[in-house]
Amino acid sequence: MLLGVNIDHVATIRQARYKDLKKVRPWAEPDLLAAARDVAAAGAHSITVHLREDRRHVQDSDLALLKRKIDLDLNLEMADVPEILRIALKLRPDEVCLVPEHRQEVTTEGGLDVHRRWRSLRRAVGRLESAGIRTSLFIDPDRWQIEAAFRTGASCVELHTGRFANARTPGGRRRQFIKLRQAAALARAGGLQVNAGHGLHYDNVRWMRRIPLLHTLNIGHSIVSRAVFIGLRQAVREMLALIR
Ligand code: PXP
């Protein structure tokens, strides 16, 4: 199982001080590029960033720098909207993960409704995949959503692990885990790569090892939080040790 590290929250700290800068400067700390280099040095497999429409953390100029200077796969999370789609097609990250986006949310809450929006998603996926960008849909572990994902032509799904992570009781967590495992099996049987993420941390991540053929875990908040105390390289290494 591979690890993608979401470094949005490094940019969140930077923007808390420098949000009025029109272009990101190397002295505007913490430096996102330095964070990506540490993630790479620690042995992670990809870098994930979410270019939100409101640009609350990652900025357009970050993307160009990360693409040019970091020798890891770049996974761009984004909403299916024309402005961001244009940016993705120009940037050509290795991977795009299409996510739902709402202005008021603190972080991505819930997966895409692929079942309802599959025509528009199929168009976006078609354009991205034809440009050579592996495209993933962030969905809840739900059979309808997976079957709709098959019809979009995406090569990958990322299963939303938020409900599993937020379950308050052991029984609830187990039920959510079974949904994830069944969804992963269905998606794999249909030929999709299966990733997972959201709300995973150093304690609950061990459950993911019990889902056969999960490809990549995308983890952000917990790793960046731990990095405050022990440094980013060590925080990434510890997570890698848990998922291997
Ligand atoms: N995967 C997706 C699609 C996300 O939107 C997020 C949150 O930005 C993550 C993974 C990482 O979630 P967390 O920060 O809770 O680890």
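Cut-offs applied
- Every residue gets a number counted from 1 within its own chain, in the order that chain's sequence is written.
- A pLDDT threshold of at least 70 governs which residues receive local features in this predicted model, and a stricter bar of 80 or more applies before side-chain atom pairs are shown or counted, although totals over entire chains, interfaces and linings include all residues.
- Calculated side-chain values reflect all of the structure's heavy atoms, with hydrogen atoms and water omitted.
- A fitted line through C-alpha atoms serves as each axis, taken over the contacting stretch for helices, and the angle formed by two N-to-C directions is quoted from 0 to 180°.
- Starting at the N terminus, helices and strands are each numbered in turn, a helix being any DSSP run of H or I of at least four residues and a strand any DSSP run of E of at least two.
- Between 65 and 115 degrees an angle is taken as roughly perpendicular, under 35 as roughly parallel, over 145 as roughly antiparallel, and anywhere else as oblique.
- Helix crossings get a hand from a simple test, with the near helix turned counterclockwise from the far one by less than a right angle marking a left-handed crossing and a clockwise turn marking a right-handed one.
- Whether two residues are in contact is decided by their heavy atoms, any of which lying within 4.5 Å being enough.
- Residues were grouped as follows: Ala, Val, Leu, Ile, Met, Phe, Trp, Tyr, Cys and Pro as nonpolar; Asp, Glu, Lys and Arg as charged; and all remaining residues, including Gly, as polar.
- Two strands pair under a simple rule: DSSP has to find at least two bridges between them.
- The term salt bridge refers to a pairing of a side-chain nitrogen on Lys or Arg with a carboxyl oxygen on Asp or Glu at a separation within 4 Å.
- Here the term buried applies to any residue with accessible area under 20% of the maximum for its type, exposed to any over 50%, and partly exposed to those in between, with areas from a 1.4 Å probe on protein chains only.
- The arc in question is traced by the directions running from the helix axis to the C-beta atoms.
- A 3.5 Å cut-off defines polar contacts: any pair of N or O atoms within that distance qualifies, except that in protein one atom must be a possible hydrogen donor and the other a possible acceptor, and neighbouring residues in sequence count only when both atoms are side-chain atoms.

Student: Teacher, can you tell me more about the packing of helix α2 (residues 32-41) against helix α10 (residues 232-243) here?
Tutor: Two quantities define a packed helix pair, namely the angle between the axes and the distance from one axis to the other. The N-to-C vectors of α2 and α10 enclose an angle of 40°; their axes lie 8 Å apart at closest approach. Of the possible angle classes, the one that applies to α2 and α10 is oblique. Both α2 and α10 take part in a crossing whose hand is right-handed. Where α2 approaches α10, its residues A35, D38, V39 and A41 are matched on the opposing element by L232, R233 and V236. Residues that form the contact of α2 with α10 fall into these classes: 5 nonpolar, no polar and 2 charged.

Student: Can you help me understand the sheet that holds strand β3 (residues 73-78) in this one?
Tutor: In sheet architecture, strand pairing relies on hydrogen bonds along the backbone and comes in two forms, parallel and antiparallel. Reading around the barrel, the 8 strands line up as β1-β2-β3-β4-β5-β6-β7-β8 and close back on themselves, with parallel pairing between neighbours. Strand-to-strand twist across the sheet, computed as the mean angle between neighbouring axes with direction ignored, equals 25°. Pairing analysis gives 4 bridges linking β3 to strand β4 (residues 95-98), with the strands arranged parallel. Note on β4: the bridge partner recorded for L76 is V96.

Student: Honestly, the pattern of salt bridges in this entry has me stumped. Any pointers?
Tutor: A side chain of one charge can pair with a side chain of the opposite charge if their charged atoms are brought near each other. Enumeration according to the criterion identifies 13 salt bridges in this entry. With its nearest N and O atoms 2.9 Å apart, the salt bridge here joins D80 to R117. A residue pair is termed long-range when its members are at least 10 positions apart, and D80 in the loop between β3 and α4 (82-91) and R117 in helix α5 (residues 114-130) qualify at 37 residues. Residue class for D80 comes out buried when judged on its relative accessible area of 16%. A residue is classified by how much of its surface remains accessible, and R117, at 29% relative accessible area, is partly exposed. For D203, the salt bridge identified is with R206, shortest N-O distance 3.5 Å. A relative accessible area of 46% places D203 in the partly exposed class. Here R206 falls in the partly exposed class, since its relative accessible area comes to 44%. Through salt bridges with shared partners, one network takes in R55, D60 and E83.

Student: How do you make sense of helix α6 (residues 143-152) when you look at a structure like this?
Tutor: Side chains three or four residues apart in an α-helix point the same way, a direct result of the helix having 3.6 residues per turn. Listing the buried residues of α6 in full gives Q145, I146, A148, A149 and T152. On an axial view of α6, the arc spanned by its buried residues comes to 165°, and they lie on one face. Opposite the packed face of α6, turned more than 90 degrees from it, sit the exposed residues R143 and W144. On its buried side, α6 packs onto α5, β5 (134-139), β6 (156-160) and α8 (170-189). Its side-chain oxygen at 2.8 Å from the backbone nitrogen of W144, D142 defines the N-terminal cap of α6. The first or second residue beyond α6 is G153, which carries a positive phi of 85°.

Student: Explanation requested: the side chain of N218 in the structure shown.
Tutor: Relative to the elements of secondary structure, N218 occurs in strand β8 (residues 216-219). Among the polar contacts listed, one links the side chain of N218 to the side chain of T48, at a separation of 3.2 Å. In this structure N218 touches G4, S46, T48, N75, E158, A196, G197 and H198, once residues within four positions along its chain are discounted.

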